[in-house]
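Fold and contact review
Chain by chain, the residues run as shown.
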Amino acid sequence: VFSSLPPAVTSPCKILKCNSEFWAATSGSHHLGAEEAPEFCTALRAYAHCTRRTARTCRGDLAYHSAVHGIDDLMVQHNCSKDGPTSQPRLRTLAPGDSQERSDSPEICHYEKSFHKHSATPNYTHCGLFGDPHLRTFTDTFQTCKVQGAWPLIDNNYLNVQVTNTPVLPGSSATATSKLTIIFKSFQECVEQKVYQAEMDELPAAFVDGSRNGGDKHGANSLKITEKVSGQHIEIQAKYIGTTIVVRQVGRYLTFAVRMPEEVVNAVEDRDSQGLYLCLRGCPLNQQIDFQTIRSAQATEGRARRKGPSLPAPPEAFTYETATAKCREKLPVEDLYFQSCVFDLLTTGDVNFMLAAYYAFEDVKMLHSNKDKLHLYERTRDLAPGNVAPMGTYPTLWVVLLCLSQCWLCLL
């Protein structure tokens, strides 16, 4: 049934626009005085009106349904009438110190303090997704995948992350992340359930209900969104599970990176029966691209094209040499991030994929706990021209063979 539905681009759900407008109208107004309640209600009615306008194209959108329920709850909390003006006045910004910051959050809402008070620092892991798309799993496995459509990145007891990948060019197998949904599940007295959603040209600095923290619970500030660069870079801190998430929009597409304790990564009810979970299990074999073989063919042919007579050429023609030179500007170490940059320039012709690889590695430097594992290299060496193993590749083997030959001569 879902495969028969038209692509999202043909009937876009505009819920993120509604969320952004509501947040812009009410930014800093979480603790309104009685005199400002009418203005907040006006903004809420405008928010509700916006969701009704986009309802037809949002019927299957989780963020839309979360926003609708959130509006109803806020209407009740603030005694707002559903009838009245719907203009969107800009409400006051809170004065310094008059914020949602709470210094008395319960200890259980701080992961390191609560779970590891009398033990060693927890082991942190990293997962990232970027480009066409390239996946670095929690076990530092690096894969290049197809994974068109919606796929789960993370699925545990605390949060779910799902990405949607769409073709970069019509008729091409090159895909990139166009939509991201993160669901933080309600947790004790720390946070209420919160949903964050981003898509192409929409990188909100708030959850879908317009809030920037975990809600009204005592430890709500243990979940926070911070906007680093407007429309390009946000960071979500979930201290109650020791997790940091970075989402970027680079060009038209999204990148994702997370730092998470192993204990949280493996917190699932039944791991054996758990479904696919890309950050933990990697892409299915039938969705993986043989990165090394394709890259070798690209280098030999000196030009990037996915095979198939009907595939269009990239909008900008990169040769292997020009793609390599371009990637070296931002990625001087020829690791798998560099190679993925070259691969993406050749397959898409979009220079923004170079920046996606660059920022993905910058996020690794910030989030990975083991600084000796920042760079990843292929586990098998390329063969030299003519498929002959280069001299010096296996020095120990040569020594062993030489000794055996000398022994054989002695026996003779």
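What you see is a predicted model, and the numbers here were worked out from it, not measured in a lab.

Taking strand neighbours across the sheet as the criterion, the four strands line up as β4-β5-β6-β7 in an open arrangement whose pairing is antiparallel. Each end of this open sheet is capped by a strand with a single partner; those strands are β4 (149-155) and β7 (194-199). Between one strand and the next, the sheet's axes are offset by a mean angle of 20°, whatever the strand orientation.

This paragraph deals with unusual backbone geometry. The phi angle at D140 is positive, at roughly 65°, despite the residue not being glycine. Tracing the chain through its elements places D140 in the loop between β2 (134-136) and β3 (142-144). In this structure, D201 takes a positive phi of about 65° despite not being glycine. Relative to the assigned elements, D201 resides in the loop between β7 and β8 (223-229). A relative accessible area of 56% places D201 in the exposed class.

One pass over the full model with this rule turns up eleven aromatic pairs. Measuring from centroid to centroid gives 6.0 Å for Y253 and F353, while their planes differ by 40°, and the two rings are tilted. Here F353 lies in helix α10 (residues 352-367) and Y253 lies in strand β11 (residues 253-261), a separation of 100 residues in the sequence. Judged by relative accessible area, which is 7%, Y253 ranks as buried. Through a chain of ring-to-ring contacts, the aromatic side chains of F130, F142, Y337 and F361 assemble into a single cluster. Over the ring of Y124 we find R259, and its NZ or CZ is 3.7 Å from the ring centre. The ring of Y358 carries the charged tip of K330 above its face, separated from the ring centre by 4.6 Å.

Conventions adopted
Residues numbered from 1 in each chain as written. Predicted model: local features only at pLDDT ≥ 70, side-chain atom pairs only at ≥ 80, totals over all residues. Heavy atoms only, no water. Pairing = 2+ DSSP bridges. Helix = DSSP H or I, 4+ residues; strand = E, 2+ residues; numbered from the N terminus. Axes fitted to C-alpha atoms, helices over the stretch in contact; angles between N-to-C directions. Buried < 20%, exposed > 50% of the residue type's maximum accessible area, 1.4 Å probe, protein only. Phe/Tyr/Trp six-rings, centres within 6.5 Å; stacked < 30°, edge-to-face > 60°. Lys NZ or Arg CZ within 6 Å of the ring centre and 35° of its normal.

Honestly, it's all geometry; don't read function into it.
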